[in-house]
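Architecture and fold: a report
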Amino acid sequence: MNKESINIRKAIPTDLEAIYGFICTLENEALDKERFAQIFESNLLHNDILYLVAEFDQKPAGFISFHAQQLLHHCDFVGEIQEFFIAQEYRNKGIGHLLMDEVKVYAAANNIRYIEVTTNKRRTENVQVYEALGFQLTHHKFTLPQP
């Protein structure tokens, strides 16, 4: 894969279908498409949310979402990667690194002190991916589902 064939850009409304497919694959379930579209379109307008699409030969190959907020326990801005997906046929080609590089540029430009990411326990391979991207395992995350 030639890195000149890869383009990283902000997501736009017409990326909905590709990103919906990526996230359904990531979550291994068909999400409510109407609700997904509402959230996607709303978040595109939010100043503290960055959605990036990686394209290879003008075809969507990956996606990352980055949400920034001020947190009391850091006394600063913190950005968290909420979704990060590279289509199977484009993995191990450097696309994830390129997406992360763009997130780092955005974080620096917006005075975001920390970049955090959480991964589902069933995705054990992601721990190595995030460590290779420079992340350190520092926290445990617990979830309490609500009825």
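See the structure shown above.
Residues numbered from 1 in each chain as written. Predicted model: local features only at pLDDT ≥ 70, side-chain atom pairs only at ≥ 80, totals over all residues. Heavy atoms only, no water.

**Some thoughts on the nonpolar core**
- In terms of nonpolar packing, the biggest core is built from 40 residues, with I19, I64, F66, F84, I95 and L99 touching the most fellow members.
- Sorting the residues of this core by element identifies α1 (16–27), α2 (33–44), β2 (49–56), β3 (59–71), β4 (76–86) and α3 (95–109) as the ones contributing at least two each.
- Sequence-distant contacts of I64, that is, excluding residues within four places in its chain, are made with L50, Y51, L52, I81, E83, F84, L99, M100 and V103. (Core = buried A, V, L, I, M, F, W, Y, C linked by side-chain atoms within 4.5 Å. Buried < 20%, exposed > 50% of the residue type's maximum accessible area, 1.4 Å probe, protein only. Helix = DSSP H or I, 4+ residues; strand = E, 2+ residues; numbered from the N terminus. Contact = heavy atoms within 4.5 Å.)

**Some details on α1**
- Here α1 contains 12 residues, and its C-alpha end-to-end distance of 16 Å stays within 8% of the 16 Å for a straight helix at 1.5 Å per residue.
- At its buried positions, α1 is contacted by α2, β2, β3 and β4.
- Positive backbone phi, at 60 degrees, marks N28, one or two positions downstream of α1. (Expected span 1.5 Å × (residues − 1).)

**Some points on the environment of Y106**
- Relative to the helices and strands, Y106 is located in helix α3.
- Each C-alpha atom of the pair Y106 and G79 lies 9.9 Å from the other, and the pair is 27 residues apart in sequence.
- When near neighbours in sequence (up to four residues on either side) are disregarded, Y106 contacts N47, D48, L50, F66 and I112.
- Here N47 takes part through its backbone oxygen, which lies 3.2 Å from a polar atom of the side chain of Y106. (Polar contact = N/O pair within 3.5 Å; in protein donor to acceptor, adjacent residues only side chain to side chain.)

**Considering the pairing of strand β5 (residues 112–117)**
- Bridging between β4 and β5 involves 5 bridges; their strand directions are parallel. Residue pairing in the sheet places G79 in a bridge with I115 of β5.
- As a crossover connection, the stretch from β4 through α3 into β5 is right-handed. (Pairing = 2+ DSSP bridges. Right-handed = clockwise from strand over helix to strand, strands pointing away.)

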